[in-house]
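Understanding the architecture of this molecule
Now for the letters of each chain:
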Amino acid sequence: MSESLDTEKLERDVKTMYADVATSTDGEFHFETGKELAERLGYDLDTLRYVPDGAIDSFAGVGYFFDMATLDPREDVLDLGSGSGMDAFYAGLSVTETGSVTGVDMTREQVEKARRLADAEGFHNVDFRRGYIEELPFADESFDAVISNGVVNLSAEKDRVFEEAFRVLRPGGQLAIADIVSDGQLPDSIKTDADLWAACIGGAEQVDRYTDLIEAPGFEEIEVRANPEYEFVSEQAANACQKYGVKSISLTARKRG
């Protein structure tokens, strides 16, 4: 991370942007949101029928990873940067009432919306907490799986994110995420621009560096898949994709049992 990045501005920008995602159904962003995006990325339509509409409307993920992960009944799942809860609810249908899903997000409006939806739709096995993914408020070895969609790239401390994910996973637990990475090194003019970080561009790590960060705490069996179905919608973001190979991937890894 460049020391020139204004991390306080980054946090403000990210919170503002995703508060808008939570509260606006027709806002204009650098990225797509909603059901059409989820369908194109690969979410199962029959399963989506049971996910609260409000969570689907505010979905801003960048890929699909549930076909690469194994979420079974009775398992405990943690969703990093859970937003309005779509992936948490989707996971909750897999682990059933015998398991649990906990979402963590730093944006108050997202957490409040997700909690309202969980209460209204009777998702008693899904809970949401406000917090930071770099400093998780959970004990060691609390979860069987950690999931995340389009969020780690927003963190200026990605190494801490993966260290924390590793810490809270039980032995044999799995990491399943979708995120934005790049083929080439981004210039400092992009990597130090908090606005471009908030737009999921400036924080894109080179894919090899990204997997190195995952391996560092001890994750193994890393599998990476490209998500060509995902596209940024703004001209600024599309230009970065073309010039620096900014793209979406889905990834799974495992903590040694």
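It should be noted that the structure appears before, not after, this text.
The following refers to the structure shown. Position numbers for residues count from 1 along each chain, tracking the sequence in the order it is written. At least 70 in pLDDT is required for a residue's local features to be given in this predicted model, at least 80 for side-chain atom pairs to be given and counted, and no such filter applies to totals for whole chains, interfaces and linings, which use all residues. Note that water and hydrogens are dropped before the side-chain values are worked out from all heavy atoms of the structure.

Section: the pattern of salt bridges
- Whenever a carboxyl oxygen of Asp or Glu lies within 4 Å of a side-chain nitrogen of Lys or Arg, that contact is scored as a salt bridge. In total, this model carries 11 salt bridges according to the counting rule given.
- For E112, the salt bridge goes to R108, with nearest N and O atoms at 3.4 Å. On the criterion of helical spacing, the pair formed by E112 and R108 is a turn pair, its members being 4 residues apart in helix α6 (residues 108-121).
- Its relative accessible area of 39% is what places R108 among the partly exposed residues.
- In this structure, a network of salt bridges that share partners links the residues D140, R160, E163, E164 and R167. Per the convention used, a helix needs a DSSP run of H or I reaching at least four residues, while a strand needs a run of E reaching at least two, with both numbered from the N terminus. Exposure classes here rest on a 1.4 Å probe applied to the protein chains alone. A residue is buried below 20% of its type maximum, exposed above 50%, and partly exposed in between.

Some details on the environment of D212
- Inspection of the secondary structure assignment puts D212 in helix α10 (residues 207-215).
- Residue D212 is classed as partly exposed on the basis of its relative accessible area of 43%.
- For the pair formed by D212 and D159, sequence separation is 53 residues and the distance between their alpha carbons is 9.4 Å.

Thoughts on the packing of helix α7 (residues 158-168) against α10
- Angles shown run from 0 to 180 degrees and are taken between the N-to-C directions of axes, each axis being a line fitted to C-alpha atoms and, for helices, limited to the stretch in contact. The geometry of α7 relative to α10 is characterised by a closest axis approach of 8 Å and an angle of 40° between their N-to-C directions. It follows that α7 is oblique to α10 by the angle criterion. Along this stretch, α7 crosses α10, giving a crossing that reads as right-handed. Residues K158, D159 and F162 of α7 form the contact with α10, whose participating residues are Y210, L213 and I214.
- For this scheme, ten residues count as nonpolar: Ala, Val, Leu, Ile, Met, Phe, Trp, Tyr, Cys and Pro. Four count as charged, namely Asp, Glu, Lys and Arg, and the remainder, Gly too, count as polar. Residues that form the contact of α7 with α10 fall into these classes: 4 nonpolar, no polar and 2 charged. The scheme is simple: roughly parallel for angles under 35 degrees, roughly antiparallel for over 145, roughly perpendicular for 65 to 115, oblique for anything else. Crossing chirality is assigned from the near helix's rotation relative to the far helix, an anticlockwise turn below a right angle marking it left-handed and a clockwise turn marking it right-handed. Note on contacts: a residue pair is in contact if any heavy atoms of the two residues lie within 4.5 Å.

Describing the nonpolar core
- The biggest cluster of nonpolar side chains holds 46 residues, and the ones touching the most others in it are Y43, F66, M86 and F89.
- Contributions of two or more residues to this core are made by α2 (35-41), α4 (53-57), α5 (86-95), α6, β3 (126-130), β4 (143-149), β5 (169-182) and α11 (235-244).
- Once you skip the residues sitting within four places of it in the chain, M86 turns out to touch A38, Y43, L48, V51, A55, I56 and F59.
- What we call a nonpolar core is a set of buried Ala, Val, Leu, Ile, Met, Phe, Trp, Tyr and Cys residues that are connected through their side-chain atoms within 4.5 Å. Ranked by size, the runner-up nonpolar core spans 27 residues in total, among them F162, Y210, I214 and I249.

Here we look at unusual backbone geometry
- Of note, T96 is a non-glycine position whose phi angle comes to about 65°, a positive value.
- As for its placement among the helices and strands, T96 is situated in the loop between α5 and β2 (100-105).
- According to the relative accessible area criterion, T96 is partly exposed, its value standing at 29%.

Regarding α6
- Under the 1.5 Å per step criterion, the end-to-end length of α6 is 20 Å for 14 residues, consistent within 8% with the ideal 20 Å.
- Listing the buried residues of α6 in full gives Q110, V111, K113, A114, L117 and A118. The buried residues of α6 occupy an angular sector of 165° when the element is viewed end-on, so they sit on one face. Turned more than 90 degrees away from the buried face of α6, the exposed residues are R116, D119 and A120.
- Two residues or fewer after α6 comes G122, characterised by a positive phi angle close to 75°. In a helix, the anticipated span is given by 1.5 Å times the number of residues less one. Taking the helix axis as origin, the arc is that swept by the directions to the C-beta atoms.

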